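Structural overview for review
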Amino acid sequence: MAEQIQKKLQGELEKYQQLQKDLSRSVTARQKLEAQLTENNIVKEELELLDSTNTIFKLMGPVLVKQEMEEAKTTVSKRLDYITGEIKRYEQQMQELERRSEQQRETLGRLQQELQRAQGKA
C-alpha cells in the first residue's frame with residue numbers, strides 16, 4: 001500500500017516540478033517583453049520629439065536604411081501593440097500555471113498524509 005502511494009507521490013511531484021519550470025520560463029519571457037516594451041516606448045517618445053526635417057534610419061542587418069517618419073511611427077506603434085498583447089497572454093498563462101501549481105501542491109499534501117498514515121499502520 002505504502003509503495004503504491006510512494007510511486008503516485010513521485011509522479012505527482014514530477015508534475016509539480018514541471019509546472020514550476022513552465023512558470024519560471026513564463027516569468028523570464030514576460031520580463032524580456034517588459035524590457036522590449038520599455039525600449040520601444042523610449043523610441044516612440046524620441047520619434048515624437050523629431051520633426052519632418054530630421055532623417056530616420058532603420059537598421060536592417062548590417063546596413064542603415066532611410067525610413068519615412070510615418071512609417072517609423074507606425075512600425076513602433078504596431079510593435080508596442082504586439083508586445084502589450086504578448087504580455088497579457090503571458091500574464092494569463094502565468095495565472096493558469098499558478099492555479100494548477102496550487103492544485104498540485106494540495107494533491108501532494110494529501111498524498112504525503114496518506115503515505116504517513118500507511119507507514120504508521122505498517
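Read on for an overview of the structure. Values in this document were obtained by computation on a predicted structure and should not be read as measured data.

**Brief notes about the packing of helix α1 (residues 2-49) against helix α2 (residues 69-121)**
- Viewed as axis vectors pointing N to C, α1 and α2 meet at an angle of 160°, and their least axial separation amounts to 7 Å. Between α1 and α2, the angle is such that the two are roughly antiparallel. The element α1 and its partner α2 pack so that their crossing is left-handed.
- Among the residues making up the contact of α1 with α2, the classes are represented as 26 nonpolar, 13 polar and 16 charged.

**Re the environment of Ser 24**
- Within the secondary structure layout, Ser 24 lies in helix α1.
- Under the relative-accessibility criterion, Ser 24 is labelled partly exposed at 42%.

The rules behind the values
- Residues numbered from 1 in each chain as written.
- Predicted model: local features only at pLDDT ≥ 70, side-chain atom pairs only at ≥ 80, totals over all residues.
- Heavy atoms only, no water.
- Axes fitted to C-alpha atoms, helices over the stretch in contact; angles between N-to-C directions.
- Helix = DSSP H or I, 4+ residues; strand = E, 2+ residues; numbered from the N terminus.
- Parallel < 35°, antiparallel > 145°, perpendicular 65-115°, else oblique.
- Left-handed = near helix turned anticlockwise from the far one by under 90°.
- Nonpolar A, V, L, I, M, F, W, Y, C, P; charged D, E, K, R; others polar.
- Buried < 20%, exposed > 50% of the residue type's maximum accessible area, 1.4 Å probe, protein only.

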